[in-house]
Amino acid sequence: EPPIRDLKGAQNLYPIICSYAMEQLRPKTDNNPWCNTYRRRVERWMKLLPRAWSYDYIGWYPGPWTLFHNLEADQAYYRRLGFSGLMPEYLDRNLGTDVTMWLTFRIAWDANLKVDALLDQFYPAYFGAAAPTMRALYERFERQMMAVGGTGEPMDVPRLYPVPMV
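Values in this document were obtained by computation on a predicted structure and should not be read as measured data.

**Student:** Please explain the side chain of Asn-32 as it appears in this structure.
**Tutor:** In this structure, Asn-32 sits in the loop between β1 (16-18) and α1 (33-48). Among the polar contacts listed, one links the side chain of Asn-32 to the backbone nitrogen of Trp-34, at a separation of 2.9 Å. Excluding its chain neighbours within four sequence positions, the residues that come into contact with Asn-32 are Glu-23 and Arg-26.

Dropping the structure here:
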């Protein structure tokens, strides 16, 4: 929680703000109680700090992490607030985490890049002939995760990754 009273962070301060205790499956700009609370906290902090980095948790989801399109919205939000860098959590090589890291750093480097255009480059370069099949698979998981949303429970496996889909 940010302090209630007004104070200013020293110019050499470079804090990292974590997306803790919130809905990790939705963009930070989503209108739900977790995201709304998170935004209130972050916006208050950014009135007190000279700059900040974000550290966005992916969550301990034991399955694919393919929420690629959230990255665009989240990074645009952080830029508007004055964040100067971002670093997502990296949990292991789950399906999608490598892509998430690559997209994150590309968009951080150039704010004009769009996820869809980057994925048009990524899939053929990474998967070769399997690119169309892999893209369809990743997009199916992304649609499923966005459709059901999170409950705040990281092990909500049956809703996020139904057995027939897996």
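Read on, since the account is not over.
**Student:** Explain the nonpolar core to me, please; I cannot follow it from the model alone.
**Tutor:** Looking at soluble globular proteins, one finds that nonpolar side chains tend to be buried together. Counting 14 residues, the largest nonpolar core has Phe-68, Val-99, Leu-103, Leu-119, Tyr-123, Phe-127 and Tyr-138 as its most contacted members. Those elements giving two or more residues to this core turn out to be α2 (68-81), α3 (97-109), α4 (115-127) and α5 (131-148). Sequence-distant contacts of Phe-127, that is, excluding residues within four places in its chain, are made with Phe-122, Met-134 and Tyr-138.

**Student:** Would you take a moment to explain the environment of Gln-144 for this structure?
**Tutor:** By the secondary structure assignment, Gln-144 is in helix α5. The exposure class of Gln-144 is buried, given its relative accessible area of 19%. Residues Gln-144 and Pro-50 lie 94 residues apart in sequence; the distance between their C-alpha atoms is 38 Å. Leaving out residues up to four positions away in the same chain, Gln-144 has contacts with Arg-159, Leu-160, Pro-162 and Met-165.

**Student:** What am I meant to see in the sheet that holds strand β2 (residues 53-56) here?
**Tutor:** By definition, the strands of a sheet pair up through backbone hydrogen bonds, in either a parallel or an antiparallel sense. Across the sheet, which stays open at both edges, the three strands sit in the order β1-β2-β3 with parallel pairing between neighbours. For this open sheet the edge positions go to β1 and β3 (85-88), each flanked by a neighbour on one side alone. Strand-to-strand, the axes of this sheet are offset by a mean angle of 20°, without reference to chain direction. Here β2 pairs with β3 via four bridges, running parallel. Residue pairing for β3: Tyr-55 is matched across the bridge by Met-87. Taken strand by strand, α1 contacts β1 and β2, and its axis lies near 170° from that of β1.

**Student:** Just to check I follow, could you spell out the packing of α2 against α3 for this structure?
**Tutor:** Helix packing for two helices is described by the angle between their axes and how far apart those axes are. Put simply, α2 and α3 touch, their axes get as near as 10 Å, and they point 35° apart. Considering the relative orientation of α2 and α3, their crossing is right-handed. Note on element contacts: α3 touches α2 through Val-99, Thr-100, Leu-103, Thr-104, Ile-107 and Ala-108, opposite Phe-68, Leu-71, Glu-72, Gln-75 and Arg-79. Looking at the contact of α2 with α3, its residues break down into six nonpolar, three polar and two charged.

**Student:** Would you take a moment to explain the packing of α3 against α4 for this structure?
**Tutor:** For the pair α3 and α4, the least separation of the axes is 11 Å and the interaxial angle reads 130°. Overall, the two elements α3 and α4 adopt an arrangement that is oblique. The crossing of α3 and α4 is right-handed. Across the interface between the two elements, Asp-98, Val-99, Trp-102, Leu-103, Arg-106 and Ile-107 from α3 touch Val-115, Leu-118, Leu-119, Gln-121, Phe-122 and Tyr-126 from α4.

Calculation rules
- Residues numbered from 1 in each chain as written.
- Predicted model: local features only at pLDDT ≥ 70, side-chain atom pairs only at ≥ 80, totals over all residues.
- Heavy atoms only, no water.
- Helix = DSSP H or I, 4+ residues; strand = E, 2+ residues; numbered from the N terminus.
- Polar contact = N/O pair within 3.5 Å; in protein donor to acceptor, adjacent residues only side chain to side chain.
- Contact = heavy atoms within 4.5 Å.
- Core = buried A, V, L, I, M, F, W, Y, C linked by side-chain atoms within 4.5 Å.
- Buried < 20%, exposed > 50% of the residue type's maximum accessible area, 1.4 Å probe, protein only.
- Pairing = 2+ DSSP bridges.
- Axes fitted to C-alpha atoms, helices over the stretch in contact; angles between N-to-C directions.
- Left-handed = near helix turned anticlockwise from the far one by under 90°.
- Nonpolar A, V, L, I, M, F, W, Y, C, P; charged D, E, K, R; others polar.
- Parallel < 35°, antiparallel > 145°, perpendicular 65-115°, else oblique.

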